[in-house]
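# Structural description and commentary
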Amino acid sequence: MSTLLDIENLWVKFPTRNGIFDAVRGVSFEVHRGEIVGFLGPNGSGKTTTIKMLLGLIAPTGGEATMFGYPMGAQAARRRIGFLPENPYVFPSLTPREFVEMSGRLSGMSGKHLHKRAEEVLDRTGVLYAADRQVRQLSKGMLQRSALGAAMIAEPEMLILDEPMSGLDPVGRKQVRDIIFEERDAGRTIFFSSHILADVEALCDHVVILRKGEVVVAGPMSELLAGDVRHTEVTLAGVGDALRGVLEDMGYDLHDRGEVTLLEVKGDPASVLRAALDHEARVVEMLPRRETLEDLFMRQAL
């Protein structure tokens, strides 16, 4: 797979009252054509700063990066990118249609093709019904989806999305997830940051996690989350006092949920099952749990 984005030892330092602050410290990773890559990290970890450097909005202190083989921020590279900022700003008197079409004209589009394409992206992002309302009348989620339409208008080869799910309700999040898959299926590359780990786990081929400006995890999702079973969630019904005492003596914490009792079993659950059957309890469910992206994130990024 060809490398569209290649970052090598990228640094940025900001002056503060107390000296110099390293916002990004030696960041290195790659993004390949056709991938969906999640860019994660707690607040202040350097995600947005890194994205702004890639787009030429902030000058790096050290290191280098190339996009489509050009230096980061080069006009030739930016022509092939669609960008959604974390907090998109649209002139309040504009409508979503006017904003999206303006973005298209800035990308060299015009005429009937521009108008048709604007209709398409506004429809896909769920804003077409409000396309002619002034932006000041729209919710934050509708503004976010309008800005996503602007990022997509010129059919870029790569989408860079900074918190694309921000401000969206569950329906809006589902629409954006579907759009990301559709764009990948159309041959585009998507690089996006998010705090919504469940969305990242469901969407991404690769993930990069930052902590205090440094990369602490980078790799294919399938490899990072391919570990063995961490524990088994066992759900029992009909747990009486005698069985409860036996299980507590074995070191388990029991959690009652109405008529059922839940416990987590590390290792082989056979002893728990034997105890349950000996005391005439019923095994309702057994769910093996492997590491999730949230588990990985909490362990590595905090």
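Residues numbered from 1 in each chain as written. Predicted model: local features only at pLDDT ≥ 70, side-chain atom pairs only at ≥ 80, totals over all residues. Heavy atoms only, no water.

### Digging into the overall build of the protein chain
Check the secondary structure of the protein chain and you find 11 helices and 14 strands. Here the protein chain has a C-alpha radius of gyration of 24 Å; the compact-globule value for 302 residues is 19 Å, and the former is much larger. Principal axes of the C-alpha set define a box for the protein chain whose edges measure 75 × 50 × 45 Å. Put simply, the protein chain has 302 residues, and 45% of those count as buried. Once local pairs closer than 6 in sequence are excluded, the contacts in the protein chain between residues at least 24 apart make up 68%. Carbon and sulfur atoms form 48% of the exposed surface of the protein chain, whose accessible area is close to 15,300 Å². Counting 35 positive and 43 negative side-chain charges, the protein chain places the centres of these two groups 8 Å from one another. (Helix = DSSP H or I, 4+ residues; strand = E, 2+ residues; numbered from the N terminus. Rg over C-alpha atoms; globule rule 2.2 N^0.38 Å. Buried < 20%, exposed > 50% of the residue type's maximum accessible area, 1.4 Å probe, protein only. Contact = heavy atoms within 4.5 Å. Areas by Shrake-Rupley, 256 points an atom, 1.4 Å probe, with all protein chains shown as cover. Lys, Arg positive; Asp, Glu negative; His and termini not counted. Charge placed at Lys NZ, Arg CZ, Asp CG, Glu CD.)

### Points about a nonpolar patch on the surface
Taken together, the side chains of Leu277, Val283 and Met286 define a hydrophobic patch exposed on the protein surface, amounting to about 240 Å² of accessible area. Assignment of secondary structure puts methionine 286 in strand S14 (residues 282-289). (Patch = residues over 30% accessible without salt bridge, like charges linked within 9 Å, V, L, I, M, F, W, Y side chains within 5 Å. Salt bridge = Lys/Arg side-chain N within 4 Å of Asp/Glu carboxyl O.)

### Topic: the nonpolar core
By size, the foremost hydrophobic cluster in this structure holds 47 residues, and its most contacted members are Leu40, Leu161, Ile180, Phe192, Val200, Ile209 and Leu293. With seven residues, helix H5 (residues 140-152) is the largest single contributor of residues to this core. Setting aside residues no more than four positions away along its own chain, isoleucine 180 makes contact with Ile36, Leu161, Met165, Ile190 and Leu203. Within the second largest apolar cluster, 28 residues are counted, among which are Ala23, Val27, Val31 and Ile58. (Core = buried A, V, L, I, M, F, W, Y, C linked by side-chain atoms within 4.5 Å.)

### Observations regarding the sheet that holds strand S12 (residues 255-257)
Read from one edge of the open sheet, four strands run S12-S13-S11-S14, paired in antiparallel fashion. Here the strands that pair on one side only, and so sit at the sheet edges, are S12 and S14. Recorded for the sheet is a direction-independent mean angle of 25° between the axes of neighbouring strands. (Pairing = 2+ DSSP bridges. Axes fitted to C-alpha atoms, helices over the stretch in contact; angles between N-to-C directions.)

### Thoughts on the packing of aromatic side chains
Counting across every chain of the model gives four aromatic pairs. With 5.5 Å between their ring centres and 45° between their planes, phenylalanine 29 and phenylalanine 39 make a pair best called tilted. One end of the pair, phenylalanine 29, is in strand S2 (residues 19-32); the other, phenylalanine 39, is in strand S3 (residues 36-40), with 10 residues separating them in the sequence. Assigned by exposure class, phenylalanine 29 and phenylalanine 39 land together as buried. (Phe/Tyr/Trp six-rings, centres within 6.5 Å; stacked < 30°, edge-to-face > 60°.)

### Focus on the sheet that holds strand S8 (residues 189-193)
Reading across the sheet, the six strands line up as S6-S7-S8-S3-S9-S10 and stay open at both edges, with mixed pairing between neighbours. A single partner strand is all that each edge strand has here, and the edge strands are strand S6 (81-84) and strand S10 (214-220). The mean angle between the axes of side-by-side strands here comes to 15°, regardless of whether they run parallel or antiparallel. With four bridges joining them, S3 and S8 adopt parallel strand pairing. Each bridged residue has a counterpart across the sheet, and for valine 37 the counterpart in S8 is phenylalanine 191. Where helix H11 (residues 293-301) meets the sheet, it contacts S3, strand S9 (206-211) and S10, and its direction lies at approximately 30° from that of S9.

### As for the packing of helix H3 (residues 96-106) against helix H4 (residues 111-124)
Interhelical geometry of H3 versus H4 gives an angle of 125° and a closest axis separation of 10 Å. Classed by the angle they form, the pair H3 and H4 counts as oblique. Handedness of the H3/H4 crossing: right-handed. For the pair formed by H3 and H4, the contact residues are Pro96, Arg97, Val100, Glu101, Gly104 and Arg105 on the first element and Leu114, His115, Ala118, Glu119, Val121 and Leu122 on the second. Along the lines of polarity and charge, the residues of the contact of H3 with H4 split into six nonpolar, two polar and four charged. (Parallel < 35°, antiparallel > 145°, perpendicular 65-115°, else oblique. Left-handed = near helix turned anticlockwise from the far one by under 90°. Nonpolar A, V, L, I, M, F, W, Y, C, P; charged D, E, K, R; others polar.)

### Brief notes about the packing of helix H9 (residues 241-249) against helix H10 (residues 270-278)
Axis separation between H9 and H10 bottoms out at 10 Å; the angle between their running directions is 160°. Here H10 runs roughly antiparallel to H9, going by the angle between their axes. In terms of crossing hand, the pair formed by H9 and H10 is right-handed. Judged by residue contacts, Leu243, Val246 and Leu247 of H9 engage Val272, Ala275 and Ala276 from H10. Its residues assigned to classes, the contact of H9 with H10 shows six nonpolar, no polar and no charged.

### Points about unusual backbone geometry
Of note, asparagine 9 is a non-glycine position whose phi angle comes to about 55°, a positive value. Mapped onto the fold, asparagine 9 is located in strand S1 (residues 3-16). Positioned with a positive phi, glutamate 163 is a non-glycine residue whose angle comes to about 55°. Residue position: glutamate 163 is located in the loop between strand S7 (158-162) and helix H6 (170-185).

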